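If you want the building blocks of each chain, they are given just below.
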Number of protein chains: 2
Amino acid sequence: MREDAKDPQRHAARMERKRAVMEERRSRAQQDRGVLLVLTGSGKGKSSSALGMVARTLGHGRTAGVMQFIKGRQATGEEAFFRDQPGVDWQVMGEGFTWETADRERDVAAAQAAWRAARGWLCEQGPSLVVLDELCTVLRYEYLELGEVLDDLSRRPYGQHVVVTGRYAPQPLIDAADTVSEIASARHAFEAGVRAQPGIEW
Amino acid sequence: MREDAKDPQRHAARMERKRAVMEERRSRAQQDRGVLLVLTGSGKGKSSSALGMVARTLGHGRTAGVMQFIKGRQATGEEAFFRDQPGVDWQVMGEGFTWETADRERDVAAAQAAWRAARGWLCEQGPSLVVLDELCTVLRYEYLELGEVLDDLSRRPYGQHVVVTGRYAPQPLIDAADTVSEIASARHAFEAGVRAQPGIEW
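Residues numbered from 1 in each chain as written. Chains lettered and ligands numbered in written order. Predicted model: local features only at pLDDT ≥ 70, side-chain atom pairs only at ≥ 80, totals over all residues. Heavy atoms only, no water.

Novice: I'm lost on the packing of aromatic side chains in this one. Help?
Specialist: Here a ring pair, both rings aromatic, is described through the centre-centre distance and the interplanar angle of the planes. With the rule as written, the count across this model stands at 10 aromatic pairs over all chains. Each ring, one from Phe81 of chain A and one from Phe81 of chain B, has its centre 6.0 Å from the other, and the planes form 90°; the classification is edge-to-face. Of this pair, Phe81 of chain A sits in helix H3 (residues 77-82) while Phe81 of chain B sits in helix H3 (residues 77-82), on two different chains. Overall, the relative accessible area of 10% leaves Phe81 of chain A in the buried class. (Phe/Tyr/Trp six-rings, centres within 6.5 Å; stacked < 30°, edge-to-face > 60°. Helix = DSSP H or I, 4+ residues; strand = E, 2+ residues; numbered from the N terminus. Buried < 20%, exposed > 50% of the residue type's maximum accessible area, 1.4 Å probe, protein only.)

Right, here's the structure in full:
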């Protein structure tokens, strides 16, 4: 913040410059189409951001399909809240974290069944927004073929939005995305001994 | 991904090691208390993540207060969706982006009125989760005294969660936070000419 920030005239001039920059940027971005978003990195906020976009989508009277590829708990706040909302198709892939099952064949079968269900959303009759929560994790374990997933995503309808979350997004997925956020953890309460809090982490 | 990833025995051993690490970490994080989260950086996902935590909170039968310190549009999906949800107190600070008003005195007055309202939530009778959306932006323009804001936050009830969003989080706020995510933009569809999409950006 510069020293002159509180001077009303200079403030007005600064805001006018900012307004002009925003206006110019907006004038260059006039295309409407479905976007592929990837939210990756080790920080807090990937899945919760996808959930926020579900809320926004419903607020516009549109529909959302959510596939949770990995679910760490039996009863999450997000599932309790969204599962029965009109316009939401909420699905959960398998049984708990993969490192709690340690049965690769079963996990692969569950991932492939989940992908078949999610792929069914990628069509003209599908929801406006498709959330593929923790898909990156499933791809990292090679439970699904990345090439097949990318092919299916590329064939979705022109106006459909897709949000993919999870650590370690593979580079070809990043290359295919329209918007990519890399969420770094600068600090996490967990490291200070605070366990995952209801309403925040689940 | 290592080459042995698809070998079932090695996979099981790897998952078992991962499970043990997670278990050990969980055993060290047993404290329950309200956390202060800061979501900053220039990437997509700060406000939408806060909205996702509102949904999670409601899913646990808890309550949320949301103060939007900066609102860029007249009718957002999040406001349409959340404003009338039971358990939500939804408030919006002023009139549009600050660079569109360019009247510093009016903005300061609006920010201070908004802070008085938000501060009213930071008490035992207040909501379980308080979202201070774009507070960082308001602090950056020095519309509010950072010291006063930090004092008020530090005096909130022990179990209350607060999420603060916005670019350029000031260092003292980061220092006070329990969890800090720095959301970097690796790419944004806007730069490719796609305008802000309903359900995604608003």
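Novice: Would you mind going over unusual backbone geometry with me for this structure?
Specialist: Negative phi characterises most residues that are not glycine, and trans characterises most peptide bonds. Residue and element names in this part refer to chain A. Its identity is not glycine, yet Glu134 carries a phi of approximately 70°, on the positive side. For Glu142, which is not glycine, the phi torsion reads 60° and is therefore positive. For Glu142, the position within the fold is in the loop between helix H6 (135-140) and helix H7 (146-154). Judged by relative accessible area, Glu142 falls into the partly exposed class, the value being 30%.

Novice: What exactly am I supposed to notice about the pattern of salt bridges here?
Specialist: Close approach of charged atoms allows side chains of opposite charge to pair. Taken as a whole, this structure holds 20 salt bridges over all chains when the rule is applied. Among the ionic contacts, a cluster of salt bridges with common partners joins Arg119, Glu148, Asp152 and Arg155 of chain A. (Salt bridge = Lys/Arg side-chain N within 4 Å of Asp/Glu carboxyl O.)

Novice: What's the story with the nonpolar core in this structure? I'm lost.
Specialist: It is characteristic of soluble globular proteins that their nonpolar side chains tend to be buried jointly. Formed by 42 residues in total, the largest nonpolar core has its most connected members in Val54 and Phe82 of chain A together with Val54 and Phe82 of chain B. Beyond its immediate sequence surroundings of up to four residues, Phe82 of chain A is in contact with Leu51, Val54, Ala55, Leu58, Val88 and Trp90 of chain A together with Ala55 and Phe81 of chain B. (Core = buried A, V, L, I, M, F, W, Y, C linked by side-chain atoms within 4.5 Å. Contact = heavy atoms within 4.5 Å.)

Novice: It is not clear to me how the sheet that holds strand E1 (residues 36-40) of chain A should be interpreted in this structure. Could you clarify?
Specialist: Working definition: the strands of a sheet are paired by backbone hydrogen bonds and lie parallel or antiparallel to each other. Ordered in space as E3(A)-E2(A)-E4(A)-E5(A)-E1(A)-E6(A)-E6(B)-E1(B)-E5(B)-E4(B)-E2(B)-E3(B), the 12 strands form an open sheet in which the pairing is mixed. Strand pairing shows two members of the sheet lacking a second neighbour, strand E3 (88-92) of chain A together with strand E3 (88-92) of chain B, which therefore form its edges. Sheet twist, expressed as the average angle between the axes of neighbouring strands with direction ignored, equals 15°. Bridge count for strand E1 (residues 36-40) of chain B against strand E5 (residues 161-165) of chain B is 4 bridges, and the pairing is parallel. Across the sheet, the residue bridging to Val38 of chain B is Val164 of chain B, located in E5 of chain B. Lying on the sheet, helix H5 (residues 104-119) of chain B is in contact with strand E2 (64-68), E3 and strand E4 (129-133) of chain B; it crosses E2 of chain B at an angle near 170°. (Pairing = 2+ DSSP bridges. Axes fitted to C-alpha atoms, helices over the stretch in contact; angles between N-to-C directions.)

Novice: How should a positive patch on the surface be read in this particular structure?
Specialist: A surface patch of positive charge is lined by Lys18 and Arg25 of chain A together with Arg140 and Arg167 of chain B. Structurally, the position occupied by Arg140 of chain B is in helix H6 (residues 135-140). (Patch = residues over 30% accessible without salt bridge, like charges linked within 9 Å, V, L, I, M, F, W, Y side chains within 5 Å. Areas by Shrake-Rupley, 256 points an atom, 1.4 Å probe, with all protein chains shown as cover. Lys, Arg positive; Asp, Glu negative; His and termini not counted. Charge placed at Lys NZ, Arg CZ, Asp CG, Glu CD.)

Novice: Just checking my understanding: could you explain the interface of chain B and chain A for this structure?
Specialist: Size of an interface: often given as the accessible area lost when the parts come together. Across the contact, 82 residues belong to chain B and 83 residues belong to chain A. Counting each side, the surface lost to burial between chain B and chain A is near 7600 Å², with a carbon and sulfur contribution of 58%. In this structure, the connection of chain B to chain A is made through 4 salt bridges. The salt bridge involving Arg195 of chain A is made with Asp32 of chain B; its shortest N-O contact spans 2.7 Å. At the junction of chain B with chain A, the criterion picks out 42 residue pairs in polar contact (both at pLDDT 80 or more). (Buried area = accessible area lost by both parts, 1.4 Å probe. Polar contact = N/O pair within 3.5 Å; in protein donor to acceptor, adjacent residues only side chain to side chain.)

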